[in-house]
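Coordinates in review
Chain by chain, the residues:
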Amino acid sequence: MTVSWPWIVLLALGVLVVVAAEWPRVSGVVGADARRRRERERRKAKLRVVDPEDDDFVESVRRDLDSLPTIEEPRSKRP
């Protein structure tokens, strides 16, 4: 069975039309935005909610605040 070149060209044009029509949906699944969205969802899945009433949490915040460097402002001798 032989297929002439005009039929091959028509088939290729038909495929291009279908791809062009479905491109927004396809790019939402395999595009760069979809990759960023999947990576963000993976990062968010690792997060957890911390109970502010938890003593370990309160102590860790206090330790972090105590370890922060501070700058003492010199007092000016203004009357």
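The following paragraphs examine the structure supplied in this document. Remember, it's a predicted structure, so these values are computed and weren't measured experimentally. (Residues numbered from 1 in each chain as written. Predicted model: local features only at pLDDT ≥ 70, side-chain atom pairs only at ≥ 80, totals over all residues. Heavy atoms only, no water.)

This next bit is on the environment of A32. Here A32 lies in helix α2 (residues 32-46). For A32 and W7, which are 25 residues apart along the polypeptide, the C-alpha to C-alpha distance reads 35 Å. (Helix = DSSP H or I, 4+ residues; strand = E, 2+ residues; numbered from the N terminus.)

What follows covers the pattern of salt bridges. This model, assessed by the stated rule, comprises 3 salt bridges. The residue R36 makes a salt bridge to D33 at a minimum N-O spacing of 2.7 Å. One end of the pair is R36 and the other is D33, both in helix α2 and 3 residues apart, which spans about a single turn. Put simply, E59 and R62 hold a salt bridge, and the shortest N to O gap is 3.3 Å. Here E59 and its partner R62 are both found in helix α3 (residues 55-67), 3 residues apart, which amounts to about one turn of the helix. For R62, a relative accessible area of 48% translates into the label partly exposed. (Salt bridge = Lys/Arg side-chain N within 4 Å of Asp/Glu carboxyl O. Buried < 20%, exposed > 50% of the residue type's maximum accessible area, 1.4 Å probe, protein only.)

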